[in-house]
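Examining the three-dimensional arrangement
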Amino acid sequence: MTTERTLVLVKPDGVARGLTGQVLARIEAKGYRLVELKLVHAERALLERHYEEHRGKPFFGPLVEFMLSGPVVAAVVEGHRVIEGFRSLAGSTEPTTAAPGTIRGDLGRDWGEQVQQNIVHGSDSPESAEREIGIWFG
Ligand code: IDP
Ligand code: MG
């Protein structure tokens, strides 16, 4: 078995709506293991690095402002194929159409803002996971 790690964020909407426990419970119920966990109010520079791939897109500015709007919970989660597995638990980006049963599908909705508020972030590849864990946990 090869153990993999991913970065999970409960975004400001998830923390503000009191959904942190539900998100963590789903991760644990799936059988993955929490190896790092903290509540942080992230700085702009960190968020711009985290979302570097989206720089220049119309939602980049609103995305960074949204992520600055309140505390986030950052976690490192471990398990075989956890990167893919957490993306599957999270559901697709747009909460309106994310499948029921997923975090975004069950707990998220469109609020008509410039940025999709969709409760969670999860790394999308081993390279992203390594980069993002470095950004958030050093
Ligand atoms: P992901 O979080 O599902 O990996 P990404 O494409 O990496 O989605 O986008 C990062 C975040 O930016 C999304 O989770 C969402 O909050 C926001 N976002 C992505 N695409 C759009 C869009 O087309 N309009 C508004 N917000 C978006
Ligand atoms: Mg992404």
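Our subject is the structure that appears above.
Summary of the structure given here. (Residues numbered from 1 in each chain as written. Chains lettered and ligands numbered in written order. Predicted model: local features only at pLDDT ≥ 70, side-chain atom pairs only at ≥ 80, totals over all residues. Heavy atoms only, no water.)

**A look at helix H4 (residues 60-68)**
The line we're drawing: Type-normalised accessible area, obtained with a 1.4 Å probe on protein chains alone, sets the label of each residue: buried when under 20%, exposed when over 50%, and partly exposed for intermediate values. Helix and strand definitions follow DSSP, with helices as H or I runs of at least four residues and strands as E runs of at least two, each counted in order from the N terminus. Residues are treated as being in contact if the distance between any of their heavy atoms lies within 4.5 Å.
Burial analysis of H4 places seven of its nine residues in the buried class, which makes it a mostly covered element. Of all the positions in H4, only Phe 60, Pro 62, Leu 63, Val 64, Phe 66, Met 67 and Leu 68 are classed as buried. In this structure, the buried side of H4 is in contact with strand S1 (4-10), helix H1 (12-16), helix H3 (44-50) and strand S3 (72-79).

**Some points on the nonpolar core**
Across soluble globular proteins, nonpolar side chains show a tendency to be buried alongside one another. Quick reminder of the rule: Nonpolar core, defined: a set of buried Ala, Val, Leu, Ile, Met, Phe, Trp, Tyr and Cys residues in which side-chain atoms within 4.5 Å join the residues together.
Ranked by size, the top nonpolar core spans 19 residues in total, and within it Val 23, Ile 27, Val 77, Phe 86, Ile 103, Ile 119 and Val 120 carry the most contacts. Going through the elements one at a time, S1, helix H2 (20-30), S3, helix H5 (82-90) and helix H6 (103-107) are the ones with two or more residues in this core. Per-element tally for this core: the top contributor is H5, with four residues. With 18 residues, the next largest nonpolar core counts Leu 9, Leu 63, Leu 68 and Val 72 among its residues.

**A look at the environment of Gly 108**
Among the secondary structure elements, Gly 108 is positioned in the loop between H6 and strand S4 (120-122). For Gly 108, a relative accessible area of 14% translates into the label buried. Placed 71 residues apart in sequence, Gly 108 and Leu 37 show a C-alpha to C-alpha distance of 22 Å. Excluding its chain neighbours within four sequence positions, the residues that come into contact with Gly 108 are Arg 17, Pro 95, Ile 103 and Ile 119.

**Considering the pattern of salt bridges**
Inclusion rule: What makes a salt bridge here is a side-chain nitrogen of Lys or Arg within 4 Å of a carboxyl oxygen of Asp or Glu, nothing more.
Applying the stated criterion to the full structure yields six salt bridges. Across the salt bridge formed by Glu 78 and Arg 5, the nearest N and O atoms sit 2.8 Å from each other. Highlighted residues: Glu 78 in strand S3 and Arg 5 in strand S1, separated in sequence by 73 residues. Its relative accessible area of 13% is what places Glu 78 among the buried residues. The residue Arg 26 makes a salt bridge to Asp 106 at a minimum N-O spacing of 3.1 Å. Remark: Asp 106 occurs in helix H6 and Arg 26 occurs in helix H2; sequence separation between them is 80 residues. The class for Arg 26 is partly exposed, based on a relative accessible area of 23%.

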